[in-house]
Structures are given as C-alpha cells and as structure tokens.
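Descriptive analysis of the structure
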Amino acid sequence: MSTVFVSGASGFIASHTVQQLLDQGYTVIGSVRSESKGEALVKALKGNKKFSYVIVSNIADAGAFDEVLKSHPEISAFLHIASPFRMNVTDPEKETLIPAIQGTKNVLESIQKYAPQITRVVITSSDCAARENDDRNPSITLDESVWSKATYESSKDHPVLAYLGSKPLAEKLAWDFVKTEKPKFELVTVLPSYTFGPQIDDSLISPTLNQSSQVLETMLYSNPDSKLQHHTGSFIDVRDAARAHLVALTSKEAPNHRLILSSSRFTSQSVYDILSKKYPQLNTYKGEPESDVAEIATFQKLDYSKTKQILGFEYIPLQKTVVDTVDQILRVRA
Ligand code: NDP
C-alpha cells in the first residue's frame, strides 16, 4: 500500500483523514507545527506504526515542504489540508491570507521540483470558495462551477473576510498552476461546508477546540438568556469530510473536479432544537423552535449532484453529528 503525505495532520479534518487512511492500510507521513502536536496525534492514533510526522512550523516559509519531499521518494500522493482557520487574528493578511495562498504555492512547487512520482494532489478548499454573494436568493442554484468573487484586496483587512478570501484564492492558484505548469499529478479539490463532529480521540478535546467545533460548543454551553451569533449554511460531518478526501485520493472520476460537501442546510436553530430535545437537563438556549425550516427556504438552492455521484456514499445527518459531538465533549469535560 502506498505512502500518503498529509499537511496539517493534527487538525480536526486532517486527523480524521489520517485515521481513515491508516484504517485502509496506507502509510502516512503528516506535517504538524510542533513536536507536542505531533506527539498528541501519535497518542490519539494509538501509536500506529504506519504514521510518522515531520515538523513544518509555517507552510508559508520558503521551501517549507522541500526537505520532506526530497527525503521521502516513496510518497505517492499529497493531501494539502493545512490552512489557517482562526478568526481571532490581529493581522489577517499575514496570519490568514498569505499562509493559505503561499502555503498552497509552496506545496505545488515542491512537488513539481522534488516529487515527480506523486500522481495525485488533493487540496482542501471550502464551500465559501463556491458561493455567490446573494445568499438569500432561492432562485439561485449553486453547483460545482460557481466561484466566489472575493479578491485579495477585499479580503486582506478583516479576519472573517480574510478566511473567506483565503480559500478561493488558494484554490484558484492550484487550478491555475495545473493549467500553466501541466504537472504529472492530477488535482482534486475538496470543499467542505461547516464541519462538525467528534474528535478522533477523547484526548484531543483540548481547552480550545478548532474553529468549527467551537461553534457547536458555544451552543452547548449556552443558557436561555445567551446572546449567540446566528450561524447559517450547510454542514458536513467530519467523518464524511475525511471519507471524501479518501475518495478524492483514489477515485478515477475525481481528478479535475471540485467536490463540494453538504449533508444539509442548517441554521443555529436546527442545533438548538436537537440540543433541547436530546439534552433537556442542560437547559440550553431555545430560540424559536423549528423556525429554521422557514429560514432555510430563503437560502440559495444547492445542486452538488456531480460530487455525490463521484463520492457514492450517503452523508451523516445533523442529528447524529450533533449528538456524537456533544456526547464526547460532555464525557471529557464532565
Ligand atoms: P484546524 O484548525 O483543526 O486545522 C488546520 C490545520 O492547519 C492545523 O493543523 C493547523 O495547525 C494547520 N495550520 C494552520 N496554519 C498553518 C501554518 N501557517 N503553517 C502550518 N500549519 C498551519 O481546522 P480544520 O480541520 O477545520 O480545517 C482543515 C481544512 O479544512 C482547512 O483548509 C480549512 O480551511 C478547511 N475547511 C474547514 C471547515 C470547517 O468547518 N472545519 C469548512 C471548510 C473548509 P495548528 O492547529 O497547530 O495551528
């Protein structure tokens, strides 16, 4: 079985992807930012001998992946999942936009120079790279051909806009690279929506969770008087996001496609309703029960049938995702 490289291996989606690759018998080399992150991942993976890590403290550093690719000619595929995904940044251009774009460029250039044996590259983008601005227009249908109109200039000064711009700009760079450089590898991009779900191991429930898990955690620790940010969009379970990366790696149909992952539309209310029915003793924020249905009807429509046909599996529904996530958090934080 071949050796796969995964960047940002200790991250939420990447650690599930690493776990599933190991379960399928692959050997995995992952990059992490520090030894402590690497060791925590080794522990979470129960010391699986087919996993090893290298330290790449910043994917934006010149030649960040050169050494590992030079010294591991056995790597046959590269999953580039690392990208800054935090909203509490002080310099959005330096902390979010540049690493996302430059990191992707570094990956592609390193492979081109030092790893001609790599046949498949999978890059994790986001459904925000495939959105129209007018989100509340049900007469618009989004599909895999839609591109965000975010520009470098419109993104660089605000933490949230920087994230929303970082994904399409990095993804576009990758498709342009393939067009102009005509590399030997085939490219697939994976565009998850809000990704929720449990961590691969209870030991990874750290005091501060990754950005999207924090969204659920904040709702879980709410009370009827909480002032909460309203979230709307599509969601995907992290285990399905990882599974999609494995299909992107192996499927004959996937190359040259953008795989956009959406299990269903949701709003914060959809989550409040699950929490209050399943965990009434927690007395979480109630909102206006079932008002999500009317709100979702105002959203743009989605047609990701091309992705679903390539993936060929059914997605986990929101109810199971929320319950599995919450059960783990409550178990660990009890
Ligand atoms: P995480 O924050 O858990 O994972 C991101 C990973 O990238 C972490 O391992 C992080 O390391 C690493 N990383 C970030 N910046 C750098 C950098 N400058 N140099 C080196 N490593 C870096 O988030 P997710 O798992 O959720 O995100 C994974 C990918 O999925 C990202 O590309 C994200 O944009 C995308 N995505 C996520 C969605 C979600 O809702 N979760 C939705 C759509 C797309 P460290 O933690 O040590 O800083």
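This report concerns the structure included in the present document. All residue numbers here refer to positions counted from 1 along the written sequence of the relevant chain. In keeping with the model being predicted, local features are shown solely for residues with a pLDDT of at least 70 and side-chain atom pairs are shown and tallied solely at 80 or more, while totals for entire chains, interfaces and linings include all residues. As a rule here, side-chain values cover all heavy atoms of the structure and leave hydrogens and water aside.

Across the sheet, 7 strands lie side by side as 3-2-1-4-5-7-10; this open sheet has parallel pairing. Of all strands in the sheet, those with a lone pairing partner are strand 3 (51–55) and strand 10 (258–261), marking the two edges. When the angles between neighbouring strand axes are averaged without regard to direction, this sheet yields 20 degrees. Residues are treated as being in contact if the distance between any of their heavy atoms lies within 4.5 Å. Every angle, taken between N-to-C directions, lies between 0 and 180 degrees, and every axis is a line fitted to C-alpha atoms, over only the stretch in contact when it is a helix. Helical segments are the DSSP runs of H or I of at least four residues, strand segments are the runs of E of at least two, and each set is numbered from the N terminus. With respect to the sheet, helix 2 (residues 35–44) is in contact with strand 2 (27–32) and strand 3, its orientation differing from that of strand 3 by roughly 170 degrees. Strand contacts of helix 4 (residues 92–114): strand 4 (75–80) and strand 5 (120–124), with the helix running at about 170 degrees to strand 4, the strand carrying the most contacts. Only strands that DSSP links by at least two bridges are regarded as paired with each other.

Turning next to the nonpolar core. Within the largest apolar cluster, 39 residues are counted, with the highest numbers of intra-cluster contacts made by V6 and L21. When residues no more than four places from it in sequence are discounted, the contact partners of L21 are V4, V6, Y26, V28, L79, L246 and L249. Nine residue types can take part in a nonpolar core, namely buried Ala, Val, Leu, Ile, Met, Phe, Trp, Tyr and Cys, and a core is a set of them joined through side-chain atoms within 4.5 Å. Under the scheme applied here, a residue whose accessible area is under 20% of the maximum for its type counts as buried, over 50% as exposed, and between as partly exposed, the area being computed with a 1.4 Å probe on protein chains only. In terms of nonpolar packing, the next biggest core, distinct from the first, is built from 24 residues, F65, V121, V178 and F185 among them.

Strand order across the open sheet formed by 3 strands is 8-9-11, with mixed pairing between neighbours. Edge strands, defined here as strands with exactly one partner in the open sheet, are strand 8 (194–196) and strand 11 (264–267). For this sheet the average axis-to-axis angle between neighbouring strands, irrespective of direction, equals 50 degrees. Bridge count between strand 8 and strand 9 (residues 232–237): 3 bridges; the pairing is parallel. What sits directly across from Y194, in strand 9, is F235.

With 5 of its 5 residues buried, strand 1 (residues 3–7) lies for the most part within the structure. Neither face of strand 1 is left uncovered, since the one carrying T3, F5 and S7 and the one carrying V4 and V6 both have all their residues buried. Taken together, the 4 bridges between strand 1 and strand 2 define a ladder with parallel strand orientation. Counterpart to V4 in the pairing with strand 2 is V28. With 5 bridges connecting them, strand 1 and strand 4 associate as parallel partners. Paired with V4 across the two strands is A77, which belongs to strand 4.

The next subject is the pattern of salt bridges. A side-chain nitrogen of Lys or Arg and a carboxyl oxygen of Asp or Glu constitute a salt bridge if their distance falls within 4 Å. One pass over the structure, following the stated rule, counts 18 salt bridges. One salt bridge in this structure joins E109 and K105, with 3.5 Å as the shortest N-O distance. Taken together, the residues span about one helical turn, with E109 and K105 both in helix 4 at a distance of 4 residues. Close ionic contact of D237 with R239 constitutes a salt bridge, the shortest N to O distance being 2.8 Å. Residues joined in a network through salt bridges with shared partners are D237, R239, K320 and D324.

Once that is clear, we can look at the pairing of strand 9. In terms of burial, strand 9 is largely enclosed, as 5 of its 6 residues are buried. Look down the strands so they point away from you; if going from the first strand over the helix to the second traces a clockwise path, that crossover is right-handed. Viewed along the sheet, the connection from strand 8 through helix 7 (residues 211–220) into strand 9 turns out right-handed. Here strand 9 runs beside strand 11; their pairing, made up of 4 bridges, is antiparallel. Considered in strand 11, the bridge of T232 is made with T267.

A few words on the site of the ligand. Around the ligand lies a shell of 28 residues, among which F12, I13, Y163, K167 and T195 are the nearest. The definition of a polar contact used here is a pair of N or O atoms within 3.5 Å, where within protein one atom must be able to donate a hydrogen and the other to accept one, and adjacent residues in sequence count solely through side-chain atom pairs. Measuring from an oxygen atom of the ligand, one finds a side-chain N or O atom of R33 at 3.0 Å. K167 is positioned such that a nitrogen or oxygen atom in its side chain is 2.8 Å from an oxygen atom of the ligand. Burial of the ligand by the protein chains amounts to 90% of its free accessible area of 880 Å². Listed by contribution, the elements that provide at least two residues to the shell around the ligand are helix 1 (12–23), helix 6 (159–181) and strand 8. Taken together, the residues of the shell around the ligand sort by class into 12 nonpolar, 13 polar and 3 charged. Neighbouring residues are identified by heavy atoms, a residue being near a molecule or strand if any of them is within 4 Å of it. The accessible surface values rely on the Shrake-Rupley method and a 1.4 Å probe; as for residues, cover is taken only from the protein chains in view. Think of it as three bins: nonpolar holds Ala, Val, Leu, Ile, Met, Phe, Trp, Tyr, Cys and Pro, charged holds Asp, Glu, Lys and Arg, and polar takes everything else, Gly as well.

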